[in-house]
Amino acid sequence: MFDLEIFDMKLETEVIGRNFIYCDEIGSTNSELLAGKQQYKKTGTVLLAEKQLAGKGRKDRTWHSAKGLNLTFSVLLTKDLITKLNVNHINLAASLAVATAIENLYQLKTELKWPNDVLIDKKKVAGILTETSIRGSKIERVVIGIGINLNQIAFHGEFNFPPTSLKIELKDDIDRENMLAEILNNFEELLLDLESKPKAILNEWRNKCQMIGDKITITENDKVKTGIFHDIDDDGFLLLKRADSIEKIHFGDVSFV
Ligand code: BTN
């Protein structure tokens, strides 16, 4: 059971997570917040589900997470906040918030994989799916969905990157309330910083991405491209160096060669 009182004691934010909705089972926390129902209108709303029946991953994959053991939640950002920010930056900042929370609370070294996977020792501990709802030509809502493996110790299925959890890494039970509060505290701070100093946040992201300079493969739908991970640009897109040219990559899965 998720202890709301403990979570509330640890939460230090002004906006993010102040409207907190907890549910036992749901299709997908992302889909629910994107639908824009009345109770989910406030910017900063966080919806946490113990179990998602149709949890979504990037590129139409499914996100599986055992009931009650991990964290599967989404954060809603609405117009007032997002007009000042770049959605790609928000996406990168979310992965930074998770990685920093793991390092702060458990002193485990994390690595970021573009665009937003969090790895420990080349194994995936968290994934993020950022989705938007658009009205006319304007983004109306941004939903940042985060799945982080905390206390699950067995994973079944096929994975791009082998999964891990904090319990596997630390051989100890992980406090979900503390972790969620820490992630949200970090995320709010990063969002504020994104407004005033986006370049510094991009640099923080770069520092945690050990693949920059490495030979990588990008799979974009069924196209596979190999090159050197040159950098990310000011918008957070990946720059792939191939022969003499640098190609901007908007979507795709990165893997090591
Ligand atoms: C990925 O690595 O492919 C992204 C996984 C994102 C999973 C989270 S769990 C909470 C939120 N709701 C969803 O349906 N997906 C995201």
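Relevant structure appears above.
For the structure given in this document, a descriptive report is provided here.

About the cut-offs
- Residues numbered from 1 in each chain as written.
- Predicted model: local features only at pLDDT ≥ 70, side-chain atom pairs only at ≥ 80, totals over all residues.
- Heavy atoms only, no water.
- 1 Å grid on protein atoms, 1.4 Å probe; cavity = no way out; pocket = protein on both sides within 12 Å on 5 of 7 lines; lining within 4 Å.
- Points joined across faces, edges and corners; volume = space filled by probe spheres on them.
- Helix = DSSP H or I, 4+ residues; strand = E, 2+ residues; numbered from the N terminus.
- Nonpolar A, V, L, I, M, F, W, Y, C, P; charged D, E, K, R; others polar.
- Phe/Tyr/Trp six-rings, centres within 6.5 Å; stacked < 30°, edge-to-face > 60°.
- Buried < 20%, exposed > 50% of the residue type's maximum accessible area, 1.4 Å probe, protein only.
- Near = heavy atom within 4 Å.
- Polar contact = N/O pair within 3.5 Å; in protein donor to acceptor, adjacent residues only side chain to side chain.
- Areas by Shrake-Rupley, 256 points an atom, 1.4 Å probe, with all protein chains shown as cover.

Gaps between atoms show up when a probe of the same size as a water molecule is rolled over them. Enumeration over the complete set of coordinates arrives at one cavity of 30 Å³ or more. Estimated volume of the largest cavity: approximately 30 Å³. Together, Glu50, Lys51, Gln52, Trp63, His64, Ser65 and Thr72 line the largest cavity. Of the residues forming the lining of the largest cavity, the biggest block, three residues, is contributed by strand β2 (residues 46-52). The class makeup of the residues in the lining of the largest cavity is one nonpolar, four polar and two charged.

Quick look at the packing of aromatic side chains now. Scanning the model with the defined rule gives four aromatic pairs in all. With centroids separated by 5.7 Å and ring planes inclined at 55°, the aromatic side chains of Phe2 and Phe7 adopt a geometry described as tilted. Overall, Phe7 belongs to the buried group, its relative accessible area being 2%. Where Phe2 meets Tyr22, the ring centres are 6.2 Å apart and the plane angle is 25°; that geometry is what we call stacked. Of this pair, Phe2 sits in the segment before α1 (4-10) while Tyr22 sits in strand β1 (residues 20-26); the two residues are 20 residues apart in sequence, bridging distant segments of the chain. What makes Phe2 buried here is its relative accessible area of 3%. Cluster of aromatic residues (ring-pair linked, three or more members): Phe2, Phe7, Phe20 and Tyr22.

Taken together, 20 residues form the shell around the ligand, and within it Ser28, Gln52, Lys56, Arg58 and Lys124 come nearest. Take Thr29: an N or O atom from its side chain is 3.0 Å from a nitrogen atom of the ligand. Within the side chain of Gln52, a nitrogen or oxygen atom sits 2.8 Å from a nitrogen atom of the ligand. Protein burial of the ligand: of its 420 Å² of free accessible surface, 98% is covered by the chains. For the shell around the ligand, the secondary-structure elements that each account for two or more residues are α2 (29-34), β3 (71-78), β6 (123-135) and β7 (138-148). No other element matches β6, which puts four residues into the shell around the ligand. Taken together, the residues of the shell around the ligand break down into five nonpolar, 11 polar and four charged.

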